[in-house]
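# Survey of secondary and tertiary structure
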Amino acid sequence: MNTHISHFSLPEPVQNSACKIVYCCRNPKDMFVSLWHFGKKLAPEETADYPIEKAVEAFCEGKFIGGPFWDHVLEYWYASRENPNKVLFVTYEELKTQTGAEVKRIAEFLGCGFTGEEEQVEEIVKLCSFESLSNLEVNRQGKLPNGMETKALFRKGEIGGWRDTLSESLAEEIDAKMEKKFQGSGLKFSC
């Protein structure tokens, strides 16, 4: 199951079952920029006159889909610390920079470890790569139930891509808020 739901909002049967949860999050600035561009594609008329400065301000006030970003991330972060056999916390940045090692770690967590066959890992990495997924016919030509083209779900998939959209002052505003909210948690983001 793939979801954006917060850990707190997961149904009790999921929380109390033997199922495992792999939570992947992104650097807050990259996530914000990705959501910003997605929102502009999803609702172009409604977002046309909405300045990015106002969107950053709202994001830093915790006005975000599903609640404050930091609450969402920290719920899974702490759950992964309290119950590491149930919740695995990974970052997009780790997946991009050490893909093979992270795929192995996820597989081991799920009880599907590899038998030493490096080709298996490489094949999974290739099949699940941003390039491969974004070039599948369903993602190039498909449509969501609301009529939006599925290619809108893919933009660049790069680490640090926020630099193309956010000014230094907006990036610093997000950094300051995240530093305050994540203080003492042990969670750090790269870039």
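Structural notes, computed from the coordinates. Here the residue numbers are simple positions, counted from 1 along each chain's written sequence. Reporting in this predicted model follows two pLDDT cut-offs: at least 70 for local features of residues, and 80 or more for side-chain atom pairs to be given and counted; totals over whole chains, interfaces and linings ignore these cut-offs and use all residues. Water and hydrogen atoms play no part in the side-chain values, which are based on all heavy atoms of the structure.

## Thoughts on the overall build of the protein
Scanning the protein for helices and strands turns up 11 helices and two strands. Ordered by position from the N terminus, the helices and strands of the protein form the series α-β-α-α-α-α-β-α-α-α-α-α-α. Note that the radius of gyration is over C-alpha atoms, with the globule rule given as 2.2 Å times the number of residues to the power 0.38. In terms of overall dimensions, the protein is globule-like: its C-alpha atoms have a radius of gyration of 18 Å, near the 16 Å expected for 191 residues. When a residue's accessible area, from a 1.4 Å probe over protein chains only, is under 20% of the maximum for its type it is buried; when over 50% it is exposed; and in between it is partly exposed. Counting over 191 residues, the protein shows a buried share of 36%. Taking as baseline every contact in the protein between residues at least 6 positions apart, the subset at least 24 positions apart corresponds to 66%. Note on areas: these come from Shrake-Rupley sampling with a 1.4 Å probe, and a residue is covered only by the protein chains present in the view. For the protein, the exposed area adds up to about 11,800 Å²; of that, 53% sits on carbon and sulfur atoms. Only four residue types enter the charge count: Lys and Arg as positive, Asp and Glu as negative, with His and the chain ends excluded. By convention, the charge on Lys lies at NZ, on Arg at CZ, on Asp at CG and on Glu at CD. Side chains of the protein carry 23 positive and 30 negative charges; the gap between the two charge centres is 1 Å. Every helix listed is a DSSP run of H or I at least four residues long, and every strand listed is a run of E at least two residues long, numbered separately from the N terminus. Contact definition: two residues touch when any of their heavy atoms are within 4.5 Å.

## Here's the deal with the nonpolar core
To form a nonpolar core, buried Ala, Val, Leu, Ile, Met, Phe, Trp, Tyr and Cys residues must be joined to one another through side-chain atoms within 4.5 Å. Phe32, Phe59 and Leu166 are the most contacted members of the largest nonpolar core, which has 32 residues in total. Of all elements in the fold, only β1 (21–25), α2 (28–42), α4 (52–60), α5 (69–82), β2 (87–91) and α11 (168–182) reach the threshold of two or more residues within this core. Among the elements that take part in this core, α5 stands out by supplying seven residues, more than any other. Not counting residues up to four positions away in its chain, the partners in contact with Leu166 are Lys29, Phe32, Val33, Ile52, Val56, Ala171 and Ile174.

## Some remarks on α4
Among the residues of α4, Ile52, Ala55, Val56, Ala58, Phe59 and Cys60 are the ones counted as buried. Those residues of α4 that are buried are in contact with α2, α5 and α11. Among the residues trailing α4, Gly62 stands out with phi positive, at a value near 85°.

## Notes on the pattern of salt bridges
Side chains that differ in sign of charge can pair as their charged atoms come close. What makes a salt bridge here is a side-chain nitrogen of Lys or Arg within 4 Å of a carboxyl oxygen of Asp or Glu, nothing more. Evaluation of the coordinates by the stated rule reveals four salt bridges. The salt bridge partner of Lys29 is Asp175, with a shortest N-O separation of 2.6 Å. Of this pair, Lys29 sits in helix α2 while Asp175 is found in helix α11, placing the two residues 146 residues apart along the sequence. Taking the shortest distance from any N to any O, the salt bridge between Glu94 and Arg105 comes out at 3.9 Å. Of the two residues, Glu94 is situated in helix α6 (residues 92–97) and Arg105 in helix α7 (residues 99–109); the sequence distance between them amounts to 11 residues. Look at Glu94 and you get partly exposed, because its relative accessible area is 27%.

## Thoughts on the environment of Glu94
Put simply, Glu94 and Ile159 are 65 residues apart on the chain and 9.9 Å apart in space, counted from C-alpha to C-alpha. Other than its neighbours up to four places away in sequence, Glu94 contacts Thr99, Glu102 and Arg105.

## Comments concerning a negative patch on the surface
Negative charge collects at one region of the surface, where Glu117, Glu119, Glu122 and Glu123 lie side by side. Among the structural elements, Glu123 can be located in helix α8 (residues 118–127). When its relative accessible area of 42% is taken as the criterion, Glu123 is described as partly exposed. Patch construction takes residues with relative accessible area above 30% that form no salt bridge. Like charges are linked within 9 Å, and nonpolar side chains (Val, Leu, Ile, Met, Phe, Trp, Tyr) are linked within 5 Å.

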